[in-house]
Structure formats: structure tokens, C-alpha cells
Amino acid sequence: MKVKIDPSWEQELQAEFDAPYFKTLTDFVREEYRQGPCFPPGNEIFNAFNLCPFDKVKVVIIGQDPYHGEGQAEGLCFSVKEGVKLPPSLVNIFNEIEADTGRQQPTHGSLRRWAEQGVLLLNATLTVRAHQAASHQNHGWETFTDAVIARLNASREHLVFILWGASAQKKGRVIDRERHLVLCSAHPSPLSAYHGFFGNHHFSRCNDYLIAHGIIPINW
């Protein structure tokens, strides 16, 4: 199957695109988008990959579902389009960055600037029905994103995987801790941020690791 995605990812993931489950997944997603509003917009489903080619990945942050409110999701986990009110988890992420690195908080919630520096902002499920969280889970996206993680784990070295919350940590169990740095903590959600997310220093620890391996750090 031909998928509109950055050529570097197309080369790495063609076996997934040709697999029967991906055809079933594609049929499901097309029908969902035909029946009613879904997010992100169809041309932004693979934004995380198109903004961050395979050989440019330095950091992987794993989320769960796209935001399901109107105009929020843009194909990057935790990110919202410019002009959209910041969700609580993103507010907490920016608060931790400021506390950890001293970087002043941005004026909007789009994380495209991270993606363009080499941060793969990967949701476990890449689409969702409007106002129905988790509505596209267990239809094949998880198999696809597991393959993405496995490919990065096996083919690259000295990546930083940032896993917030139990779901992300479960998804990251395959990662080779000898080849890569894996940072785990509680999720930035208001329900859990005070139970291990705040003070995790993941942003400075990530950059320290990158610098130690001769890689340009991320300007968070």
C-alpha cells in the first residue's frame, strides 16, 4: 500500500503498510472520517513522521490518543495548534520545562518546533472520533506504532525515549536500555503530575545524554 508519509519512514515501514492489518486499519479510518468528524485532519495524521524523518530522530515522546476536541489535534502527541487553549497536561509539561531548564514558557501550545529538531511526538493511536476518547483504539494503530518503536530501537543508537505514565511505559518495554536512554515518570496529567512528573528533570537529562554522545540538544 502507498501511504503519504516522509520517504525515510516509507522505506523503514513499508512492510507494515503492506501487512493485512494495515489495510483493515485504513478501511476503518476512512469509514470513520466519512461518517463524521475525526481528528486530526486527514492530511495531518502522519505529521509526527513528516516533520521528523527517521534518520533525524533524537528523542521519542510517547502519548496515547490525539485530542478529540475541535481544532486541537495536529498529529503530534501533547501538541495543540496555535491559538488553541493549552490542555492541562501541556501546561504541566511547560511548567516542568521552566523549572528544569529555566526556559521561558511559549505563547502557544504547538510543538512543531520540537518535531523539527528531532523529537518524534508519537501517539499510540493516531486518530480519534470527535469527542470520544479512545474511540480508535484496538483497531490496528497500536500494532503500527509498536513497529515504529521496534524499528527505531533496532536501527538507531543513542536515542532518548521519554515515557510518561503506565501506558507509555508498557509500550516502551521493548527498548534496549543499553543502546538508548529511557526516562520514565508519572504522566503530566493533573491527576498524576504531583506523583512523580514534577521534578523528573527529563528535559535536562535528555539534553545531557545527547550532548554526551555528540548530538545537538533540543531547544525545549
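That block above? That's the structure.
An account of the accompanying structure is given in this report.

A few points about the overall build of the protein
Reasoning step 1: Along the backbone of the protein there are 8 helices and 6 strands.
Reasoning step 2: Taken from the N to the C terminus, the helices and strands of the protein come in the order α-α-β-α-β-α-α-β-β-α-β-α-β-α.
Reasoning step 3: Overall, the C-alpha framework of the protein stretches about 45 × 35 × 25 Å when taken along its three principal axes.
Reasoning step 4: Here the analysis covers contacts within the protein between residues at least 6 apart in sequence; of these, 65% occur between residues at least 24 apart.
Reasoning step 5: Carbon and sulfur atoms provide 51% of the accessible area of the protein, an area that totals close to 10200 Å².
Reasoning step 6: Seen as two clouds, the 21 positive and the 24 negative side-chain charges of the protein have centres 1 Å apart.

Structural notes on unusual backbone geometry
Reasoning step 1: Omega for the peptide link from phenylalanine 39 to proline 40 comes to -5 degrees, which places this bond in the cis form.
Reasoning step 2: Counting through the fold element by element, proline 40 comes out in the loop between strand E1 (38-39) and helix H3 (47-50).
Reasoning step 3: Despite not being glycine, histidine 131 shows a phi value in the positive range, around 65 degrees.
Reasoning step 4: Along the chain, the position of histidine 131 falls in the loop between strand E4 (128-129) and helix H6 (141-155).
Reasoning step 5: If you check the backbone angles, alanine 134 has positive phi at about 65 degrees while not being a glycine.
Reasoning step 6: Position of alanine 134 relative to the elements: it lies in the loop between E4 and H6.

Section: the sheet that holds strand E3 (residues 119-123)
Reasoning step 1: In spatial order, the strands read E3-E2-E5-E6; together these 4 strands make up an open sheet with parallel pairing. At either end of the open sheet lies a strand with only one pairing partner, and these are E3 and strand E6 (181-185). This sheet shows a mean twist of 20 degrees between the axes of neighbouring strands, independent of strand direction.
Reasoning step 2: With 4 bridges connecting them, strand E2 (residues 59-63) and strand E5 (residues 160-164) associate as parallel partners. Across the sheet, isoleucine 62 pairs through a bridge with leucine 163, a residue of E5.
Reasoning step 3: Across the sheet, helix H8 (residues 202-212) lies against E2, E5 and E6, angled at about 175 degrees from E6, the strand it touches most.

A look at the pattern of salt bridges
Pairs can form between side chains of opposite charge whenever their charged atoms are close.
Reasoning step 1: Applying the stated rule across the entire model yields 8 salt bridges.
Reasoning step 2: In this structure, lysine 2 engages glutamate 10 in a salt bridge whose closest nitrogen and oxygen atoms are separated by 2.7 Å.
Reasoning step 3: Lysine 2 gets classed as exposed once you look at its relative accessible area, which sits at 67%.
Reasoning step 4: Assessed through its relative accessible area of 17%, glutamate 10 is described here as buried.
Reasoning step 5: The partner of glutamate 157 in a salt bridge is arginine 179, with the nearest N and O atoms 3.9 Å apart. Separated by 22 residues along the polypeptide, glutamate 157 in the loop between H6 and E5 and arginine 179 in the loop between helix H7 (166-171) and E6 bring together distant segments of the chain.
Reasoning step 6: Given a relative accessible area of 48%, glutamate 157 falls into the partly exposed group.

Brief notes about the side chain of serine 79
Reasoning step 1: If you trace the backbone, serine 79 turns up in the loop between E2 and helix H4 (88-101).
Reasoning step 2: With relative accessibility at 0%, the residue serine 79 sits in the buried group.
Reasoning step 3: With residues up to four places along the chain from it excluded, the contact list for serine 79 reads Tyr67, Gln72, Glu74, Gly109, Ser110, Leu111 and Arg112.

Remarks on the packing of helix H1 (residues 7-17) against H6
Reasoning step 1: The N-to-C vectors of H1 and H6 enclose an angle of 135 degrees; their axes lie 10 Å apart at closest approach. Compared by their axis directions, H1 and H6 come out oblique. Crossing handedness for the pair H1 and H6: right-handed. On H6, the residues touching Trp9, Glu12, Leu13, Glu16 and Phe17 of H1 are Phe144, Ala147, Val148, Arg151, Leu152 and Ser155.

Rules used in this analysis
- Residues numbered from 1 in each chain as written.
- Predicted model: local features only at pLDDT ≥ 70, side-chain atom pairs only at ≥ 80, totals over all residues.
- Heavy atoms only, no water.
- Helix = DSSP H or I, 4+ residues; strand = E, 2+ residues; numbered from the N terminus.
- Contact = heavy atoms within 4.5 Å.
- Areas by Shrake-Rupley, 256 points an atom, 1.4 Å probe, with all protein chains shown as cover.
- Lys, Arg positive; Asp, Glu negative; His and termini not counted.
- Charge placed at Lys NZ, Arg CZ, Asp CG, Glu CD.
- Pairing = 2+ DSSP bridges.
- Axes fitted to C-alpha atoms, helices over the stretch in contact; angles between N-to-C directions.
- Salt bridge = Lys/Arg side-chain N within 4 Å of Asp/Glu carboxyl O.
- Buried < 20%, exposed > 50% of the residue type's maximum accessible area, 1.4 Å probe, protein only.
- Parallel < 35°, antiparallel > 145°, perpendicular 65-115°, else oblique.
- Left-handed = near helix turned anticlockwise from the far one by under 90°.

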